[in-house]
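So the chains spell out like this:
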Amino acid sequence: MVRTFSVAMLIMLAVRTAAAAEPGPGADAQQALAALAAAVEQGDAEAITDRVRQMPRIESRPEMAPILARGLQHENSDVRRAAALGLMGLGEHAATVVPALADRLQDQDRSVRHLAACALVEVGPKARAAMPALRQARQVEEEDHIRRVMDLALGMIAPEEVETAAVAEALADEALLDNSNAAQSALRRLGPKGIEQLALLVTRGSPPQGPRAEGDDGREYYVRALAVVGPPARSQLPTLTAAL
């Protein structure tokens with residue numbers, strides 16, 4: 001099954017690339033920030049997306065976060081989506097507006113909820129303040145693919161606190177299927193409970209939810225995830241030996 005949030009991730013990469021572009025002739029970061037603020041004030045979703053893409057200096061990214069955060073409060077869901085997408089492209093620079101992103105995890109619009117969770121994934125450990133909101137939103141979220149991103153966010157923010165198979169599995173998918181360096185780093189910081197959950201997934205033989213190589217069954221898949229974890233996974237050797 002193709003992962004449903006991959007399209008949003010591709011869009012995020014495009015936004016990042018544009019935000020990191022070299023300044024064009026006569027480019028003025030302050031003017032660009034003012035134009036972005038005007039687009040938010042006017043509630044123009046298309047203009048918000050365009051302004052984010054045209055931002056001339058990578059140094060402007062921290063200043064973009066509070067402007068886009070105001071867009072998260074707009075009554076128009078298109079504006080909230082555009083703002084959340086823009087924040088997703090800022091990565092750790094969106095850490096200053098984590099509370100605003102957390103507030104959108106139970107937005108009426110599913111795309112806004114999805115993008116807010118994706119943005120928290122990109123913020124990573126600096127989004128720890130969003131953990132209670134993520135856990136609460138995950139409990140009531142009806143969309144499987146959005147719950148999946150929320151699980152990933154929980155794992156990326158605090159891997160040492162992972163306690164559920166769903167979060168461990170989401171991290172494994174991001175690390176192995178998407179070859180994410182950040183997710184691999186998070187796997188290496190898994191706490192004892194998270195490592196135990198990965199080992200239990202080996203015994204269960206559950207196949208990953210995402211696309212995988214032909215012939216790669218669930219047990220082999222999660223053994224590879226434990227290999228990424230490294231030496232701390234030695235505690236699970238008896239469980240693995242019994243399973244394999």
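Residues numbered from 1 in each chain as written. Predicted model: local features only at pLDDT ≥ 70, side-chain atom pairs only at ≥ 80, totals over all residues. Heavy atoms only, no water.

### Observations regarding the overall build of the protein
Stage number 1. When its secondary structure is counted, the protein shows 14 helices and 0 strands.
Stage number 2. Helices (α) and strands (β) of the protein occur, in sequence order from the N terminus, as α-α-α-α-α-α-α-α-α-α-α-α-α-α.
Stage number 3. Sorting the 244 residues of the protein into buried and exposed places 52% on the buried side.
Stage number 4. Across the protein, the fraction of contacts at a sequence separation of at least 24, relative to all contacts at a separation of at least 6, is 70%.
Stage number 5. About 11500 Å² of surface is accessible on the protein, with carbon and sulfur atoms providing 50% of the total. (Helix = DSSP H or I, 4+ residues; strand = E, 2+ residues; numbered from the N terminus. Buried < 20%, exposed > 50% of the residue type's maximum accessible area, 1.4 Å probe, protein only. Contact = heavy atoms within 4.5 Å. Areas by Shrake-Rupley, 256 points an atom, 1.4 Å probe, with all protein chains shown as cover.)

### Some points on the environment of Glu160
Stage number 1. Relative to the assigned elements, Glu160 resides in the loop between α9 (144-157) and α10 (165-176).
Stage number 2. A sequence separation of 32 residues divides Glu160 from Pro192, and the C-alpha atoms of the two residues are 7.7 Å apart.
Stage number 3. Ignoring any residue separated from it by four or fewer positions in sequence, one finds Glu160 in contact with Arg128, Arg189, Leu190 and Gly191.
Stage number 4. At 2.6 Å, the side chain of Glu160 forms a polar contact with the side chain of Arg128. (Polar contact = N/O pair within 3.5 Å; in protein donor to acceptor, adjacent residues only side chain to side chain.)

### What about helix α5 (residues 77-88)?
Stage number 1. The end-to-end C-alpha distance of α5 is 16 Å, a good match for the 16 Å that 12 residues give at a rise of 1.5 Å each.
Stage number 2. Burial analysis of α5 places 9 of its 12 residues in the buried class, the great majority of the element.
Stage number 3. Of all the residues in α5, the buried ones are Val79, Arg80, Ala82, Ala83, Ala84, Leu85, Gly86, Leu87 and Met88.
Stage number 4. You can read the cap of α5 off the contacts: a side-chain oxygen lies 2.8 Å from the backbone nitrogen of Asp78, and it is on Asn76. (Expected span 1.5 Å × (residues − 1).)

### Notes on the pattern of salt bridges
Stage number 1. Inspection of the entire model under this criterion finds 15 salt bridges.
Stage number 2. A salt bridge links Asp107 to Arg80, with the shortest nitrogen-to-oxygen separation between them at 2.8 Å. Highlighted residues: Asp107 in the loop between α6 (98-103) and α7 (110-123) and Arg80 in helix α5, separated in sequence by 27 residues. Arg80 carries the same exposure label as Asp107, and that label is buried.
Stage number 3. The shortest N-O distance in the salt bridge between Asp173 and Arg148 comes to 2.2 Å. (Salt bridge = Lys/Arg side-chain N within 4 Å of Asp/Glu carboxyl O.)

### Quick word on unusual backbone geometry
Among all residues save glycine, negative phi is the norm, and among peptide bonds the norm is trans.
Stage number 1. For Asn179, which is not glycine, the phi torsion reads 55 degrees and is therefore positive.
Stage number 2. Looking at the element boundaries, Asn179 is found in the loop between α10 and α11 (181-188).

### Considerations on the confidence of the model for the protein
Stage number 1. Across the protein, pLDDT averages 85, with 80% of residues at or above 70.
Stage number 2. Element-level mean pLDDT values for the protein span from 51 in helix α1 (residues 6-19) up to 98 in α6.
Stage number 3. For residues 1-5, every residue scores under 50 in pLDDT, and the model assigns this stretch 19 contacts once sequence neighbours within four places are set aside.
Stage number 4. Contacts of residues 18-27 to residues separated by more than four positions or lying in other chains number 13 contacts, the stretch itself having pLDDT below 50. (pLDDT = per-residue confidence, 0-100.)

### Considerations on the packing of α10 against α11
Stage number 1. Where α10 contacts α11, the axes come no closer than 7 Å and their chain directions differ by 135 degrees. As judged from the angle between their axes, α10 and α11 are oblique. Crossing of α10 against α11: the hand is left-handed. Two secondary-structure elements touch here, α10 through Leu171, Ala172, Glu174 and Ala175 and α11 through Ala183, Gln184, Ala186 and Leu187.
Stage number 2. Looking at the contact of α10 with α11 residue by residue, the classes come out as 6 nonpolar, 1 polar and 1 charged. (Axes fitted to C-alpha atoms, helices over the stretch in contact; angles between N-to-C directions. Parallel < 35°, antiparallel > 145°, perpendicular 65-115°, else oblique. Left-handed = near helix turned anticlockwise from the far one by under 90°. Nonpolar A, V, L, I, M, F, W, Y, C, P; charged D, E, K, R; others polar.)

### A closer look at the layout of surface pockets
Stage number 1. Here the second largest pocket defines a volume of roughly 250 Å³.
Stage number 2. Forming the boundary of the second largest pocket are 14 residues, of which Arg135, Leu154, Glu163, Thr164 and Val167 lie nearest the centre.
Stage number 3. Listing elements by their share of the lining of the second largest pocket, those giving two or more residues are α8 (131-140), α9 and α10.
Stage number 4. Sorting elements by how many residues they give to the lining of the second largest pocket places α8 first, with 4 residues. (1 Å grid on protein atoms, 1.4 Å probe; cavity = no way out; pocket = protein on both sides within 12 Å on 5 of 7 lines; lining within 4 Å. Points joined across faces, edges and corners; volume = space filled by probe spheres on them.)

### Structural notes on the packing of α7 against α9
Stage number 1. For the pair α7 and α9, interaxial distance at closest approach is 8 Å and the crossing angle is 20 degrees. Taken together, the axes of α7 and α9 are roughly parallel relative to one another. With respect to the hand of their crossing, α7 and α9 are arranged in left-handed fashion. For the pair α7 and α9, contact is made by Arg110, Arg113, His114, Ala117, Cys118, Leu120 and Val121 and by His145, Ile146, Val149, Met150, Leu152, Ala153, Met156 and Ile157, respectively.

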